[in-house]
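Each chain, letter by letter, is given below.
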Amino acid sequence: MANATGPISLVALGDSYASGTGAGSYQDGTAGNCWRSGNSYGEQVAARLRAAGRLGSFTNVTCSGATTADFAQPFKDRPAQLDALKRSTNLVLLTAGGNDIDFSTYGGTCIQADCTGAPTGATLAKLPQMAVNVTGLLAKIRHRSPHARIVVVGYGRQVSASDSLPAVPLDPICSESVLTADERREGNKVADGIDAALRSAVATARWQGINATYASPFSRPGTFDGHALCEAGTPFLRGFDALAPGQEGPEAVFHPNQQGQQALASLVRL
């Protein structure tokens, strides 16, 4: 990490996976718009650095719904995320790209209709451009914060690739009448494709001399194993529980809960 022996100036950028939509404990004024959670992986990484006496400053400007293009312009009545970057920033955490391919819309199609076949193909076709967009965003970050190490944190899989075990209590989203086995398999093709696209984007950025690394939920066996929706273990993601009275609603479905955000934070090596 750049300036690893000195104080770390950390900026958290990103979309709903970075803001912590679904993880609770939202900062004042962010519930219902940016959904910026005190349990997000960025907040947890900052807390880890603070406890170690290494945190010089921390700015969290993550916001649910942001595309890569939205980082350079005001979004949801808030300043452009990139404006939070300074020349002194030496660590940036970032999750971005999912909204470029309308991943949430695709997930909604899986729940409400049938996302197999053409919807999956159309979403997969957007991935090459998403990778280009993310690489471009990394270049913009480097331009504003030339000494920063950028850690791109991935999305992982939302649902189990295998059939549900019989007689195991699962979230209602796992019902065959909601998500069929075929939809799960095709949904995971998209999730795997996003992971590959982000890996490619970071590799291209590194070839361009940008100090970027990719923290993939697939990179450390055991971190997320058994914790996708529709698996027997404790899920790290929100399902239809997010639709209960007093909860966040549809925006939180397929998003990491507090334990999921903890797992994402564990992927960030300091």
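Residues numbered from 1 in each chain as written. Predicted model: local features only at pLDDT ≥ 70, side-chain atom pairs only at ≥ 80, totals over all residues. Heavy atoms only, no water.

1. Describing the environment of Q73
1) Next: The topology assignment puts Q73 in the loop between β2 (55-60) and β3 (91-95).
2) Next: On the basis of relative accessibility, which here comes to 38%, the residue Q73 falls in the partly exposed class.
3) Next: A distance of 3.0 Å separates a polar atom in the side chain of Q73 from a polar atom in the side chain of D70. (Helix = DSSP H or I, 4+ residues; strand = E, 2+ residues; numbered from the N terminus. Buried < 20%, exposed > 50% of the residue type's maximum accessible area, 1.4 Å probe, protein only. Polar contact = N/O pair within 3.5 Å; in protein donor to acceptor, adjacent residues only side chain to side chain.)

2. Notes on the side chain of Q81
1) Next: By the element assignment, Q81 lies in the loop between β2 and β3.
2) Next: By relative accessible area, Q81 is classed as buried at 4%.
3) Next: Only 2.9 Å separates the side chain of Q81 from the backbone nitrogen of G14, close enough to count as a polar contact.
4) Next: Ignoring anything within four residues of it in the chain, the contact list for Q81 reads L13, G14, V61, T62, C63, A66 and F71. (Contact = heavy atoms within 4.5 Å.)

3. Section: the pairing of β3
1) Next: Burial runs high along β3: 5 of the 5 residues are buried.
2) Next: Burial along β3 is two-sided: the residues L91, L93 and T95 and V92 and L94 are all buried.
3) Next: Pairing of strand β1 (residues 8-14) with β3, which is carried by 5 bridges, proceeds in the parallel orientation. When the sheet's bridge partners are listed, V11 is paired in β3 with V92.
4) Next: One ladder, built from 4 bridges, connects β3 with strand β4 (residues 149-153); its direction is parallel. For L93, the partnering residue across the bridge sits in β4 and is V151. (Pairing = 2+ DSSP bridges.)

4. Here we look at the state of the cysteines
1) Next: The tally for this structure, following the rule as stated, stands at 3 disulfides.
2) Next: The partner cysteine of C110 in its disulfide is C115, sulfur to sulfur 2.1 Å. For the disulfide bridge between C110 and C115, the dihedral angle about the S-S bond is near 95°, and by the sign convention the bridge is right-handed. One exposure class covers both C110 and C115, and it is buried.
3) Next: Disulfide pairing is shown between C174 and C230; the S-S distance is 2.2 Å. Residues C174 and C230 are joined through a disulfide that is left-handed, its torsion about the S-S bond being -95°. Placement of the pair is C174 in the loop between β4 and α6 (181-207) and C230 in the loop between β5 (212-215) and α7 (258-267), with a sequence separation of 56 residues.
4) Next: What makes C174 buried here is its relative accessible area of 7%.
5) Next: The class for C230 is buried, based on a relative accessible area of 5%.
6) Next: Going through the protein chain in sequence order and numbering each bonded cysteine, the pairs you get are 1-2, 3-4, 5-6. (Disulfide = S-S within 2.5 Å.)

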